[in-house]
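Take a look at the letters that make up each chain.
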Amino acid sequence: ARLCEIDLPRRIIMARIIVISALLAVSDAFQAVGSLPGARVSARSAVSMQVTAEPLVAQPAALAKAADEARGLAIDSISKAESGHMGLPLGCAEIGAVLFGQEMSYNPVDPEWVNRDRFVLSAGHGSMFLYSWLHMAGYDLPMKEVENFRAKDSKTPGHPEFGWTPGVEATTGPLGQGVANGVGLAAAAKLAGATLNTAEHSIIDHHVVVLCGDGCLQEGIANEAVAFAGHEQLDNLILMYDSNGVTLDKMAEHTQSEDVGMRFEAQGWEVLEIDGHDMDAITKAYQHAKNSDNGKPTLIICKTIIGKGIDEIAGTCAAHGEAGVKYKDSGRESLGLPADKNWYVSPETYDFFTEHKKELIAKYEAWGETFKAWEAANPDKAKMLADAKAGVVPDLDSMMPEFKVGAQIATRNAGADVLQPIAQSMPFYVSGSADLHGSNKNYMKGVGDFSKNNYAGRNFYYGIREHAMGAIMNGMAYYGLFRVSGSTFLVFSDYMRAAVRVAALSHLPINYIWTHDSIGVGEDGPTHQPVETVSSMRLIPNLDVMRPGDADETAAAYVHALNRKEGPTALILSRQNLPVLGEASAEDKKAGTKMGGYVLVKETEELSSIILAVGSELSMAVEAAKEIGGGCRVVSMPCVEAFERQSAEYKESVLPKAMKSKTTAVEAGVTALWYKFADKVMGVDSFGLSAPGDQVYEAKGITVPKLVELVKA
């Protein structure tokens, strides 16, 4: 017999009692019991009962053995590296055994299979957990890589890195982001299913599993993402919470006292609580979560002992790091591992996973038959899917709207016009906003809004949750089908900066649409006028920052962003109107924009000065050049990063090194960056003020007369 708890609705208030088996019918959900010494008793009302059932774990001895051997791999790799985190790999070994050894659907031979269950280790510091299970499950991660944990160029870096290690679904480490990545993956799965599945054939029906810890759930980003997931009823998401009561500095009770389960319930989640070392309980909870299409994502609170297996550190803060290294021998002995064989995986465990791999591949092949039938019945959808997987981008240049020279158009408004043909020609392009569609102007017409009532919609409403938005976007990009964009005011990009950094690190081709680009915002004042933000974003490696100077440059910036697949691109757009410049043809401006920088106004006399300008200051530079005379060249540089990638010959043709002392740069932002290209810089090295935009420019000295004066100085 097994002892289980059945959660009843909160309105039923009663003590925990043991009831007879006749009450088995009384259940809404369950809470598997296996109380740990000193564990907190759940505050939720519950009925405990005796349940007689067939064992849920098909081969418990094999999985228990695999769990202990996974613990051994973590001990050995962390000991060799003399760094790393033992706590989670040891404390969550049974969870890994159930997931990778029985419950999750995946194919190690085809790690990019579109209908695989996605597993995200949000607590990325516990990376040896993931590497151990990927190795044993049969992914292309040989033991030599496991042994080289944290070594230079190994496939087992300190924290999991997307695109580097087979089977790693997301780059994690910054706590909480993996929770939001999981939400993004789950949303992407809902959208993919709604787009591709038919009444006759379902090819997308997988789940997303995230393993997180106390640190993840203390981060605000996790709460933002959890609220979004609950509201949108992402019931394909399973969040497994390694609840061990320990954080790095102190026991968790020193910094948290809320009832996490109640918080999740309030946000629309189903909450189960189990003994995280009881594989039957893990299995029952997982199967319940997977089979409950009830409009609720599921939180499984797994009560675990951090560092289980090394008695000297188990259940303590010391288990978080590598403190267990000095006890590795006694720990390995207690786990029954051979003293003379490090990185030991028994033949029996390898045989078990070999057989399990065959079972997984059989299910994969059965899905393949369904896919073939779907493909034959739906050629249009099949081509759409193939193009999305291949990252096909249509000829967007031919679709761009034309803009009349001299027309006054804010680049955010130009972006709105440019976005529509992109939305219509790329069915897996998604956009969204942190409650600012009306201001960012990035709403896609005719494609619907993503919501619990319409998972096929492609406009996402994130609410006022910029940080979660950034990491949810990353999750959708990790999914492998969608080109993802999202928007907010530029000044609020700092709220999502950590997620932007991970996107750049992970080479995700995400597009950020950040509007209200400068002191030109005007009356909203210095809280909303970014002066340092553009330059600070330019500091992030592998992030292209594009600040176009007119509508034609904006069109080119969008096309560049969609054709760039090796990293994210930020589109920095103006609130204020800017003239469509006629000093070069639209075609030449677009071509130059894609190069990052180009000569907009060529000198008609011997070159005597250069004005280097960007964004909303470009038209100002053109006016200044007219006053200075024919020897003045105007260079537009909407994207420093793209310009820096050009050949030395091209860069010299645009900005001759010999002319640096006679080059003046102008941008309504901090000046430091531009001294690389110019000896004189006009900018804003202080915060703005609340006044109409033109008055703020005047007050800060960013005017045509002042620019002429500086160039001539």
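This text goes with the structure placed above it.
All of these numbers come straight from a predicted model, not from anything done at the bench. (Residues numbered from 1 in each chain as written. Predicted model: local features only at pLDDT ≥ 70, side-chain atom pairs only at ≥ 80, totals over all residues. Heavy atoms only, no water.)

Focus: the nonpolar core
The condition that has to hold: Working definition of a nonpolar core: buried Ala, Val, Leu, Ile, Met, Phe, Trp, Tyr and Cys residues. They are joined through side-chain atoms within 4.5 Å. Note on classification: 1.4 Å probe, protein chains only; a residue is buried when its accessible area is under 20% of the maximum for its type, exposed when over 50%, partly exposed between these limits. Helix and strand assignments follow DSSP, with helices taken as H or I runs no shorter than four residues and strands as E runs no shorter than two, numbered in order from the N terminus.
Ranked by internal contacts, the top residues of the largest apolar core, which has 147 residues, are Phe 100, Phe 119, Met 240, Phe 482 and Tyr 512. The greatest single-element share of this core, amounting to eleven residues, is contributed by helix α6 (residues 177-196). Val 622, Cys 632, Met 637 and Leu 655 belong to the second-largest nonpolar core, a separate cluster that totals 45 residues.

Observations regarding the pairing of strand β11 (residues 429-433)
The cut-off we apply is this: When DSSP finds two or more bridges between two strands, those strands count as paired.
Burial runs high along β11: five of the five residues are buried. Pairing of β11 with strand β13 (residues 483-489), which is carried by three bridges, proceeds in the parallel orientation. Directly across from Tyr 429, in β13, lies its bridge partner Arg 483. As paired strands, β11 and strand β12 (residues 459-461) are joined by three bridges and run parallel to one another.

Thoughts on the environment of Tyr 286
Selection rule: The contact criterion used throughout is that any non-hydrogen atoms of two residues lie within 4.5 Å.
Topologically, Tyr 286 is positioned in helix α10 (residues 279-291). When the C-alpha atoms of Tyr 286 and Val 98 are compared, they prove to be 9.1 Å apart, with 188 residues separating the residues in sequence. If sequence neighbours within four positions are ignored, Tyr 286 has contacts with Leu 99, Glu 103, Met 104, Asp 117, Val 209, Ile 238 and Ile 300.

Structural notes on a negative patch on the surface
Condition: Think of a patch as exposed residues, more than 30% relative accessible area, with no salt bridge, where like charges cluster within 9 Å and nonpolar side chains (Val, Leu, Ile, Met, Phe, Trp, Tyr) cluster within 5 Å. Here the accessible surface of atoms and residues is derived via Shrake-Rupley with a 1.4 Å probe, and residues count as covered only by protein chains that are part of the display. Take a side-chain nitrogen of Lys or Arg and a carboxyl oxygen of Asp or Glu: if they are within 4 Å of each other, that pair is a salt bridge. For the purpose of counting charges, residues Lys and Arg are taken to be positive, whereas Asp and Glu are taken to be negative. His and the chain ends are not included. By convention, charge coordinates are those of NZ in Lys, CZ in Arg, CG in Asp, or CD in Glu.
On the surface, Glu 523, Asp 524, Asp 694 and Glu 698 cluster together into a patch of negative charge. Structurally, Glu 698 can be placed in helix α24 (residues 693-699).

Structural notes on the sheet that holds strand β22 (residues 680-682)
Heads up, the rule is: Helix axes use the C-alpha atoms of the stretch in contact, all axes being lines fitted to C-alpha atoms, and the angles between their N-to-C directions lie in the range 0 to 180 degrees.
Reading across the sheet, the five strands line up as β18-β20-β19-β21-β22 and stay open at both edges, with mixed pairing between neighbours. Each of the sheet's edge strands pairs with one partner strand only, and the pair in question is β18 (598-601) and β22. In this sheet, adjacent strand axes meet at a mean angle of 30 degrees when their direction is disregarded. The sheet contact formed by strand β21 (residues 663-666) and β22 spans three bridges and is parallel. Note that in β22 the partner of Val 666 across the bridge is Met 682. Running at roughly 170 degrees to β22, helix α25 (residues 704-712) makes contact with β19 (609-613), β21 and β22 of the sheet.

Some thoughts on the environment of Val 168
As for its position among the elements, Val 168 is in the loop between α5 (143-147) and α6. Residue class for Val 168 comes out buried when judged on its relative accessible area of 6%. The spatial distance from the C-alpha of Val 168 to the C-alpha of Leu 134 is 8.7 Å, given a sequence separation of 34 residues.

Some words on helix α19 (residues 551-563)
To keep it simple, the criterion reads: In this scheme, a helix's expected span is set at 1.5 Å multiplied by one less than its residue total. N or O atoms closer than or at 3.5 Å make up a polar contact, with two conditions inside protein: a donor-capable atom paired with an acceptor-capable one, and, for residues adjacent in sequence, both atoms drawn from side chains.
In this model, α19 (13 residues) spans 19 Å end to end at C-alpha, consistent with the 18 Å of a helix rising 1.5 Å per residue. For α19, every residue scored as buried is listed here: Ala 551, Asp 552, Glu 553, Thr 554, Ala 555, Ala 556, Ala 557, Tyr 558, Val 559, His 560, Ala 561 and Leu 562. N-cap assignment for α19: the residue whose side-chain oxygen lies 3.2 Å from the backbone N of Asp 552 is Asp 550.

Some details on the environment of Cys 317
Mapped onto the elements, Cys 317 comes out in the loop between β9 (298-303) and α11 (328-334). Separated by 201 residues in sequence, Cys 317 and Arg 116 have C-alpha atoms that sit 35 Å apart. The residues touching Cys 317, leaving out its near neighbours within four places in the chain, are Val 246, Thr 247, Leu 248, Asp 249, Lys 250 and Met 251.

A closer look at the sheet that holds β11
Spatial strand order, β12-β11-β13-β14-β16-β15: six strands in an open sheet with parallel pairing. The open sheet terminates on both sides in strands that have one partner only, identified here as β12 and β15 (544-546). Strand after strand, the sheet turns through a mean of 20 degrees between neighbouring axes, direction not considered. Contacts between α19 and the sheet are confined to β11, β13, β14 (511-515), β15 and β16 (569-573), with β16 contributing the most and set at about 165 degrees to the helix.

A short note on the pattern of salt bridges
The full count for this structure, using the stated rule, is 29 salt bridges. Ionic pairing is found between Asp 153 and Lys 152, a salt bridge with its closest N-O pair at 2.8 Å. In this structure, Asp 153 and Lys 152 share a single accessibility class: exposed. Its salt-bridge partner being Lys 602, residue Glu 603 comes within 3.5 Å of it at the nearest N-O pair. Judged by relative accessible area, Glu 603 falls into the buried class, the value being 14%. One salt-bridge network, in which partners are shared between bridges, spans Asp 517, Arg 538, Arg 547, Glu 617 and Glu 667.

Quick word on helix α4 (residues 127-137)
α4 sits mainly inside the fold: eleven of its eleven residues count as buried. Listed as buried for α4 are Ser 127, Met 128, Phe 129, Leu 130, Tyr 131, Ser 132, Trp 133, Leu 134, His 135, Met 136 and Ala 137. Following α4 by one or two positions, Gly 138 adopts a phi angle in the positive range, close to 105 degrees.

As for the packing of aromatic side chains
Rules: A pair of aromatic rings is counted whenever rings of Phe, Tyr or Trp (Trp by its six-membered ring) have centres within 6.5 Å, and the orientation is called stacked for planes under 30 degrees apart, edge-to-face for over 60 and tilted otherwise. Remark: a charge is flagged as sitting over a ring if the NZ atom of Lys or the CZ atom of Arg is within 6 Å of the ring centre and within 35 degrees of the ring normal.
A complete count under the given rule lists 25 aromatic pairs for this structure. Between Phe 371 and Trp 374, the ring centres sit 5.3 Å apart and the planes meet at 35 degrees, which makes this aromatic pair tilted. Separated by three residues within a single helix, Phe 371 and Trp 374 lie in helix α12 (residues 347-377), roughly one turn from each other. There is no split in this pair, since Phe 371 and Trp 374 are both buried. The ring of Tyr 479 is capped by Arg 118, whose NZ or CZ atom sits 4.2 Å from the centre of that ring.

Examining the side chain of Arg 116
Tracing the chain through its elements places Arg 116 in the loop between α3 (93-103) and β5 (118-121). For Arg 116, a relative accessible area of 7% gives the class buried. Within the local environment of Arg 116, its side chain forms a polar contact with the backbone oxygen of Pro 111, the two atoms lying 3.0 Å apart. Setting aside residues no more than four positions away along its own chain, Arg 116 makes contact with Ser 105, Tyr 106, Pro 111, Glu 169, His 206 and His 207.

Quick notes on the state of the cysteines
Selection rule: Throughout, a disulfide means two cysteine sulfur atoms within 2.5 Å of one another.
The tally for this structure, following the rule as stated, stands at zero disulfides. Its sulfur unpaired, Cys 212 is 5.3 Å from the next cysteine sulfur, which belongs to Cys 216. Here Cys 212 falls in the buried class, since its relative accessible area comes to 0%. Just so you know, Cys 302 is unpaired, no disulfide at all, and the nearest cysteine sulfur is the one on Cys 92, 7.2 Å from it.

Some thoughts on the packing of α3 against α12
Heads up, the rule is: For classification, angles of less than 35 degrees are called roughly parallel, those exceeding 145 degrees roughly antiparallel, those between 65 and 115 degrees roughly perpendicular, and all remaining angles oblique. Asp, Glu, Lys and Arg are counted as charged, while Ala, Val, Leu, Ile, Met, Phe, Trp, Tyr, Cys and Pro are counted as nonpolar; the rest, among them Gly, fall into the polar class.
Orientation of α3 relative to α12, taken along the N-to-C sense of each, is 50 degrees, at an axis distance of 9 Å. In terms of their interaxial angle, α3 and α12 are classed as oblique. Touching Phe 100, Gly 101 and Gln 102 of α3 are Phe 352, Phe 353 and His 356, all from α12. Tallied by class, the residues present in the contact of α3 with α12 amount to three nonpolar, three polar and no charged.

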